[in-house]
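If you want the building blocks of each chain, they are given just below.
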Amino acid sequence: SSNMLRLEGAQAVASSLVHLQLLASLNLRDNKMGLEGYTAITQCLGQHPHLKDFWLEKFCLKGHSSRVTCVAWSPDGTKLASASWDKTVKIWNALTGELVSTLEGHSNLVYSVDWSPDGTKLGSASCDCTVKIWNAVTGKLILTLKGHSYYEVSCVVWSPDGTKIASGAGNPYSSAPGEIFIWEAAHGAKIMELKGHAGAVTSLNWSPEGSQLASASYDKTAIVWDSISGEQ
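Not measured: the values here are computed from a predicted model. (Residues numbered from 1 in each chain as written. Predicted model: local features only at pLDDT ≥ 70, side-chain atom pairs only at ≥ 80, totals over all residues. Heavy atoms only, no water.)

Engineer: Tell me about unusual backbone geometry, residues and numbers included.
Structural biologist: Unusually for a residue other than glycine, K87 sits at a positive phi of about 80°. Position of K87 relative to the elements: it lies in the loop between strand 2 (79-84) and strand 3 (88-93). The class for K87 is partly exposed, based on a relative accessible area of 38%. The phi dihedral of K220 is positive, around 75°, even though this residue is not glycine. Among the secondary structure elements, K220 is positioned in the loop between strand 14 (212-217) and strand 15 (222-226). Assessed through its relative accessible area of 81%, K220 is described here as exposed. (Helix = DSSP H or I, 4+ residues; strand = E, 2+ residues; numbered from the N terminus. Buried < 20%, exposed > 50% of the residue type's maximum accessible area, 1.4 Å probe, protein only.)

See below:
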């Protein structure tokens with residue numbers, strides 16, 4: 001009966017609830033999906049209040065040896081990637097909190113990490129002036145994108161169709177202009193450089209259809225770019 005769920009049944013339902021939570025949180029752009037997910041969760045907890053302990057449990061992902069600078073969900077919600085000052089990227093099982101793999105290859109602090117839209121690759125940005133593309137399944141390094149100057153590469157983000165990667169860089173301790181590069185994701189060729197920021201670039205975000213790229217900078221401005229022509 002609903003009042004006498006066996007432990008294994010409770011654990012199975014709890015696992016489903018966690019998955020629903022991940023799906024709901026990943027679909028914030030789609031209000032309908034988010035609402036349906038949370039409605040299902042609320043209804044299930046109302047029927048089985050003793051499962052709230054499972055629902056409220058939070059994972060503390062421990063393993064990095066220095067500051068964690070960025071965290072990103074995989075598109076399917078089953079994994080998390082984290083970037084750290086310890087020069088690594090770690091991939092975690094989002095349902096159990098277990099460490100899946102550690103990606104080693106950067107020679108300096110890692111500031112940003114982002115999943116490809118299909119979840120098969122990861123991009124990472126580092127203070128070593130590079131962007132790296134990794135196989136998210138095997139943990140193997142695929143490409144190292146070089147071209148940024150001595151500046152810190154602070155952010156990396158995949159285009160919605162997965163064919164391009166944008167990276168932002170700059171020196172936060174000087175008034176030197178920031179850098180934004182758009183790269184071809186398959187082979188790592190630099191497609192274009194977007195010039196306009198007078199300070200370090202701190203954040204990048206593609207429009208949903210991929211035709212525009214927004215950037216934020218220490219120069220107190222945000223700029224929206226045409227990602228095809230490179231114009232503001």
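Picking up after the structure, the text goes on.
Engineer: So what about the sheet that holds strand 15? Which residues, and what values?
Structural biologist: Read across the sheet, three strands follow the order 13-14-15 without closing on themselves; strand pairing throughout is antiparallel. Each having just a single partner strand, strand 13 (201-206) and strand 15 make up the two edges of the open sheet. Geometrically, the sheet is characterised by an average inter-axis angle of 20° between neighbouring strands, direction not taken into account. Examined bridge by bridge, strand 14 and strand 15 share five bridges and lie antiparallel to one another. If you follow A214 over to strand 15, its bridge partner there is V224. (Pairing = 2+ DSSP bridges. Axes fitted to C-alpha atoms, helices over the stretch in contact; angles between N-to-C directions.)

Engineer: Any chance you could break down the packing of aromatic side chains for me, citing the residues and the numbers?
Structural biologist: Scanning the model with the defined rule gives one aromatic pair in all. Ring geometry for F181 versus W183: centroids 5.6 Å apart, planes at 75°, classification edge-to-face. Residue F181 is classed as buried on the basis of its relative accessible area, which comes to 1%. According to the relative accessible area criterion, W183 is buried, its value standing at 1%. One Lys or Arg, K190, reaches over the ring of F181 and ends 4.1 Å from the middle of that ring. (Phe/Tyr/Trp six-rings, centres within 6.5 Å; stacked < 30°, edge-to-face > 60°. Lys NZ or Arg CZ within 6 Å of the ring centre and 35° of its normal.)

Engineer: Outline the pairing of strand 15, supporting the account with residue identities and numerical values.
Structural biologist: Side chains I223 and W225 of strand 15 all project onto a buried face; the interleaved residues A222, V224 and D226 project onto a face where none is buried. Hairpin remark: strand 14 followed by strand 15, antiparallel, with four residues in the connecting loop; positive phi at K220, about 75°.

Engineer: Quick rundown of the sheet that holds strand 11 (residues 179-184)? Include the residues and the values.
Structural biologist: Taken together, four strands build an open sheet; the order of strands is 9-10-11-12 and the sheet is antiparallel. Either end of the sheet is taken by a strand with one partner, and the two such strands are strand 9 (152-158) and strand 12 (190-194). Taking the axes of each pair of neighbouring strands and ignoring which way they run, one obtains an average angle of 20° across the sheet.

Engineer: Quick one: what's the story with the pairing of strand 1 (residues 68-73), residue by residue and with numbers?
Structural biologist: Looking at chain direction, strand 1 and strand 2 are connected through five bridges and run antiparallel. When the sheet's bridge partners are listed, A72 is paired in strand 2 with A81. Two successive antiparallel strands, strand 1 and strand 2, enclose a turn made up of five residues, where G77 displays a positive phi of approximately 80°.

Engineer: Can you explain the environment of S65? Please cite residues and give values.
Structural biologist: Mapped onto the elements, S65 comes out in the loop between helix 3 (52-56) and strand 1. Judged by its relative accessible area of 67%, S65 falls in the exposed class. On a C-alpha basis, the gap between S65 and S84 in space is 8.2 Å, while along the polypeptide they are 19 residues apart.

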